[in-house]
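Each chain, letter by letter, is given below.
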Amino acid sequence: MFSKILIANRGEIAVRIIKTCRRMGIATVQVYSDADAGSLAVEMADEAVHIGPAPAAQSYLLADRIVDAVRQTGAQAVHPGFGFLSENAGFARRLRDEGIAFIGPNPEAIDAMGDKITSKKFAAEAGVSTVPGHMGLIDTPEEAVKIAAGIGYPVMIKASAGGGGKGIRVAHSDADMAEGFAAVKAEAMAAFGDDRVFLEKFIVDPRHIEIQVLGDKHGNVVHLFERECSIQRRNQKVIEEAPSPLLDEATRMAMGAQAVALAQAVNYDSAGTVEFVAGQDKSFYFLEMNTRLQVEHPVTELITGVDLVEQMIRSAWGEHLAFKQSDLSINGWAIESRIYAEDPYRGFLPSIGRLVRYEQPEEGPHEDGYTVRNDSGVREGDEISMFYDPMIAKLCSWAPTRDEALDGMARALEDTHLAGLGHNVPFLAAVMDQPRFRSGNIATSYIKDEFPDGFHGLAPSERQTRILIAAAVAMNEIAAEQSGDPSDRTDWTVLIDRQPHGVSLSYDEDEALLLEILPLGGGGPPAQPVVEGAADAHAVTARLTDIDWRPGLPQFRATLDGEPFTAEVARVADGFSIRHRAARARVRVLTPRIAELYARLPEKQAADTSKLVLSPMPGLVVAIPVSVGQEVKTGETVAIIEAMKMQNILKAERDGVVKAVSARAGDPVAADDVLVEFG
C-alpha cells in the first residue's frame, strides 16, 4: 500500500481524504495557495507545500506545481479530490508517465467519459438512453440560435468541460440563447480553461438521479445504488439524499445496470458517477459521467457502509474489489445539506468574509435514533475566500427511514451556528420543513417553484410561535436574575415582531417554566393582560425544561413540551432576535402598558434605492456596458460581476437614463456598492 499520498485539492474534500488516509496509516501531503496557508487541511496533513497565489489558475490548476510537490516530498500517489485537475486526462497521463499513481480513473476513461460531448456520443453507441440535443461543437451565438430552433426550446447550454453547476444556462428564446451562449463560454474558459459548448433539450419537470459506480484495474465494476440530487439552485446541487424517493426496485436495478455497462465499456477503474435526468414517470436518460469523486458521496457511504475514498486508494494500488454486487445493499436513508457562504435573503449570492463563530452539531449517533456526519474544511476564525467555491460544510444525517433522517437533519441544522457572513442554513431548514419536500414529490425546479419571489424565511408555525415566546420569556428571566434585578411579575405581553401575545408565567415543583399563552390579536394594544390562573378557551400552555443558556450565548437550547430544540438568539436594544429554523423574528418581553405604547409607534420606512443598481455581493467587475446619458430599457444588462468562479449578470429593473457610473471593469466591489445610478 502507498506510504504517502499528496492531495491536490483544498477545503473540506482535502480534510475528508486526510481522515481516511490517517485511518489507513498513510502519510499525507497537502498543497496550498496563499489563501489557504492557515487552513484546516494544512494543519491536519503530515506535510504541506506552497504552490502559488490564491487564484486557482495560478496554483491548484498548475500541473507542474503539483508534480514538483510530489517530487519534493516523495509522495507515491496523488488524490485530486473533485474540481480542479480531478477530471483532467492530461494531468492523469502526466502522472502516469512520471511514475506517480493517480487516485482516479485511467486517462483513457477520462477522455471517453470526462468530456460531455464525447461521453454522450459514446453512451449512444453503447445503447444507453440519451437526452436529445446537438453534440457537435458550436462556435457562434448565431449558430447556437439556429440549432436551438431545430431542437425546440427550452434548451440547455452546457460547457463541454463543465462540472459543479458551472457553465450552464437554460434558454427559453433566441434572445436567451444569444446572451447565455456568450456567458457560458466565458464561465467555461474562466473555470476550466476550455470554452467548448454544446446544447441539449431541457426536460421539463425533471429529476436529477445519479448512480455511484466503483471499479478496479481487473475489470470488476459494481454500483452502489443511487442518489437523488434534484434540489438545485442555478444548476448546483444543494440537498442530496440516498436512496431516491422516486425509484422502485426495478428502475433502480435498470439504472444501475446501465451505469455499470457504461463503466465497463471504458474499462473504468475507480469511483465515478453516471448521472441521469429522470421523468416523474421513472423514465431516465443519460446525462453525463463524472470521472471523479462526487461532492455528495457521503450519503452513499452512509447507506452502504463503504468508504469510497479508501476504495479509490485501494484500486489505484491495484487491489481487487473486496465485494461483489450481491454483497451490497441499502441500509436506511441519508440526507446531505450543503452549507454555503451565501445569503439566501439576497438571492443566494456569495457572502465572503470571516467565520466569526462556527458551532457544529455533535457528530455520531444521537439518542433520538439519527446519526450526524459533518464534513467541513473550515474552523471558527477562518476566512471564506472569493477565489473558491463558497462551501463551508456538507452536513449529513442518517436514520432507518426517510422521515427520521429528515427530522435528524432538521435538528442538526438547528445545532449549526455561524456568524460573520451570510449562510444558507435557514433556507436548508425551510426545505426540511416543507410538506412537498417531505412527500418526495420534487424536481430540479423545486426551489424556483416553492420560492418564486426568493427566500424571505418562513412564518413561524404554531409550535415555533411557542418556541419564540418561551425562549424570550426564559432569557428575560435569566438576564434579570443575573443582573441582580429579578422581577416578581407573572403577566407579560410578548411581541413577535408587532404581534402581541399575553403570557402568564409560573414554575412547577420541578422548577420547569410554565407558560399560558393567549394571542391578543392585531397590531394594536392588548385588550387585557393574561393573569396567572386565567382560563381562556383559546389559551395554550407550554412547559419549558432543560434550559441551557446564559447571557452572551448565541444559541438557546431547551425542551418544550418534551421536544428538544435549539434557537439562534441575540440581544437587541429592546428585546431579542430569535431564529428557529427558517422562522426569524424580533421578540420583546414587555409589560402590558409598554406593549400598548409600542403598538402606537410608526414603522420605519426603508430607504428608496429604486434608482440605484447595487452590487449584490463582493466580487470583481467584469463589465459595465452602459455609459452616462444612455437610455436603458427594462431587462437590459447594466453590469456583470464575478465572484467565486461565477458571473452574475445584473439587469435594469426599470426604464431610465444613466445618471452616473461608479465602477469600471476590473474594480473590486463590496456588497451594496453603487454601480450605476439612474436619473
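Residues numbered from 1 in each chain as written. Predicted model: local features only at pLDDT ≥ 70, side-chain atom pairs only at ≥ 80, totals over all residues. Heavy atoms only, no water.

Student: What is the right way to look at the nonpolar core in this model?
Tutor: One broad trend across soluble globular proteins is that nonpolar side chains are buried collectively. Counting 40 residues, the largest nonpolar core has I239, I392, F427, M432 and F437 as the members making the most contacts within it. Those elements that provide at least two residues to this core are β12 (236–242), β15 (333–340), β23 (391–399), α12 (402–414), α13 (425–433) and α15 (446–450). In terms of residues, this core owes the most to one element, α13, which gives seven residues. Excluding residues that lie within four positions of it along the chain, F427 makes contacts with V238, P344, F348, I447, F451 and F455. Counting 37 residues, the second largest nonpolar core, distinct from the first, contains A14, V15, A77 and Y340. (Core = buried A, V, L, I, M, F, W, Y, C linked by side-chain atoms within 4.5 Å. Buried < 20%, exposed > 50% of the residue type's maximum accessible area, 1.4 Å probe, protein only. Helix = DSSP H or I, 4+ residues; strand = E, 2+ residues; numbered from the N terminus. Contact = heavy atoms within 4.5 Å.)

Student: Hey, could you run me through helix α11 (residues 308–317) in this one?
Tutor: In terms of residue burial, α11 counts as a mostly covered element, since eight of its ten residues are buried. Along α11, the residues classified as buried are L308, V309, E310, Q311, M312, I313, S315 and A316. Where α11 starts, the residue carrying a side-chain oxygen 3.0 Å from the main-chain nitrogen of V309 turns out to be D307. Phi turns positive, to about 110 degrees, at G318, one or two residues after α11. (Polar contact = N/O pair within 3.5 Å; in protein donor to acceptor, adjacent residues only side chain to side chain.)

Student: What is the right way to look at the environment of A573 in this model?
Tutor: The residue A573 is located in the loop between β30 (563–572) and β31 (575–580) in this model. As for A573 and R588, which are separated by 15 residues in sequence, their C-alpha atoms are 9.8 Å apart.

Student: What is the right way to look at the side chain of D508 in this model?
Tutor: By the element assignment, D508 lies in the loop between β26 (499–507) and β27 (513–519). Among the residues examined, D508 registers a relative accessible area of 14% and is labelled buried. A polar contact of 2.9 Å, which involves the side chain of D508, links it to the side chain of R543.

Student: Can you help me understand unusual backbone geometry in this one?
Tutor: Among all residues except glycine, the phi angle is most often negative; among peptide bonds, the trans geometry is most common. Put simply, Y153 and P154 share a cis peptide bond, and its omega is 0 degrees. Note on placement: P154 falls in the loop between α7 (141–151) and β7 (155–163). Following A242, the chain continues into P243 via a peptide bond in cis, with omega recorded as 0 degrees. Topologically, P243 is positioned in the loop between β12 and α9 (249–265). At N267, a position not held by glycine, the phi torsion is positive, near 55 degrees. Within the element layout of this structure, N267 appears in the loop between α9 and β13 (271–278). The class for N267 is exposed, based on a relative accessible area of 60%. One non-glycine residue, D561, lies in the positive phi region at around 50 degrees. By the element assignment, D561 lies in the loop between β29 (555–560) and β30. Residue D561 is classed as partly exposed on the basis of its relative accessible area, which comes to 40%.

Student: Mind showing me how you'd approach the pattern of salt bridges here?
Tutor: Between side chains of opposite charge, pairing is possible as soon as their charged atoms come close. This model, assessed by the stated rule, comprises 61 salt bridges. Across the pair D415 and R557 runs a salt bridge, and its minimum N-O distance is 3.8 Å. Residue D415 is located in the loop between α12 and β24 (417–419), and its partner R557 is located in strand β29; the two are separated by 142 residues in the primary sequence. Exposure remark for D415: the relative accessible area of 11% places this residue in the buried category. Here R463 makes a salt bridge to E563, at a shortest N to O gap of 3.6 Å. Remark: E563 occurs in strand β30 and R463 occurs in helix α16 (residues 462–482); sequence separation between them is 100 residues. Judged by its relative accessible area of 44%, E563 falls in the partly exposed class. Three or more residues are tied together by salt bridges with common partners; here these are R16, R23, E301, D307, E310, R314, E319, R373 and D375. (Salt bridge = Lys/Arg side-chain N within 4 Å of Asp/Glu carboxyl O.)

Student: Is there a simple way to think about the sheet that holds strand β21 (residues 371–376) in this case?
Tutor: Pairing between the strands of a sheet is mediated by backbone hydrogen bonds and can be parallel or antiparallel. What the nine strands build is an open sheet, ordered β14-β13-β10-β11-β12-β15-β23-β21-β20; its pairing is antiparallel. Edge positions in the open sheet fall to β14 (284–290) and β20 (364–365), since each of these has one partner strand only. Bridge analysis of strand β10 (residues 207–215) against β13 gives eight bridges, and the strand direction is antiparallel. Bridge pairing in β13 places Q212 opposite T273. The strands touched by α12 are β12, β15, β21 and β23; relative to β23, the strand with the most contacts, the crossing angle is about 140 degrees. (Pairing = 2+ DSSP bridges. Axes fitted to C-alpha atoms, helices over the stretch in contact; angles between N-to-C directions.)

Student: Before we go on, may I ask you to explain the packing of aromatic side chains in this structure?
Tutor: Each aromatic ring pair is summarised here by two numbers: the centre-to-centre distance and the angle between the ring planes. Under the counting rule described, the total for this entry stands at 13 aromatic pairs. Consider the rings of Y345 and F455, whose centres lie 5.3 Å apart with planes at 45 degrees: the pair is tilted. Taken together, the positions of Y345 in the loop between β16 (342–343) and β17 (349–350) and F455 in the loop between α15 and α16 put the pair 110 residues apart, joining distant regions of the chain. For F455, a relative accessible area of 1% puts it in the buried group. When the ring of F348 is compared with that of F427, the centres are 4.9 Å apart and the planes differ by 85 degrees; the resulting orientation is edge-to-face. In this pair, F348 is assigned in the loop between β16 and β17 and F427 in helix α13, connecting sequence segments 79 residues apart. Accessibility expressed as a relative area gives 1% for F427, which makes it buried. The residue whose ring lies beneath R489 is W492, and the NZ or CZ to ring-centre distance is 5.7 Å. Positioned above the aromatic ring of Y345 is the side chain of R584, whose terminal nitrogen or guanidinium carbon lies 4.2 Å from the ring centre. (Phe/Tyr/Trp six-rings, centres within 6.5 Å; stacked < 30°, edge-to-face > 60°. Lys NZ or Arg CZ within 6 Å of the ring centre and 35° of its normal.)

Student: Would you mind going over the sheet that holds strand β5 (residues 101–102) with me for this structure?
Tutor: The parallel open sheet is built from five strands, whose spatial order is β3-β2-β1-β4-β5. Edge positions in the sheet fall to β3 (47–52) and β5, since each of these pairs with one other strand and no more. Where strand β4 (residues 77–79) meets β5, two bridges bridge the pair, whose relative direction is parallel. Residue pairing for β5: V78 is matched across the bridge by F102. Across the sheet, helix α3 (residues 63–73) lies against β1 (4–7), β2 (27–33), β3 and β4, angled at about 150 degrees from β3, the strand it touches most.

Student: How do you make sense of the pairing of β12 when you look at a structure like this?
Tutor: Regular strands have side chains that alternate between both faces of the sheet. By the criterion of burial, β12 is predominantly enclosed, with seven of the seven residues buried. Here strand β11 (residues 221–233) pairs with β12 via four bridges, running antiparallel. Directly across from R233, in β12, lies its bridge partner Q236. Pairing of β12 with β15 involves four bridges; the strand directions are antiparallel. Paired with A242 across the bridge in β15 is A334.

Coordinates in, geometry out; function isn't part of it.
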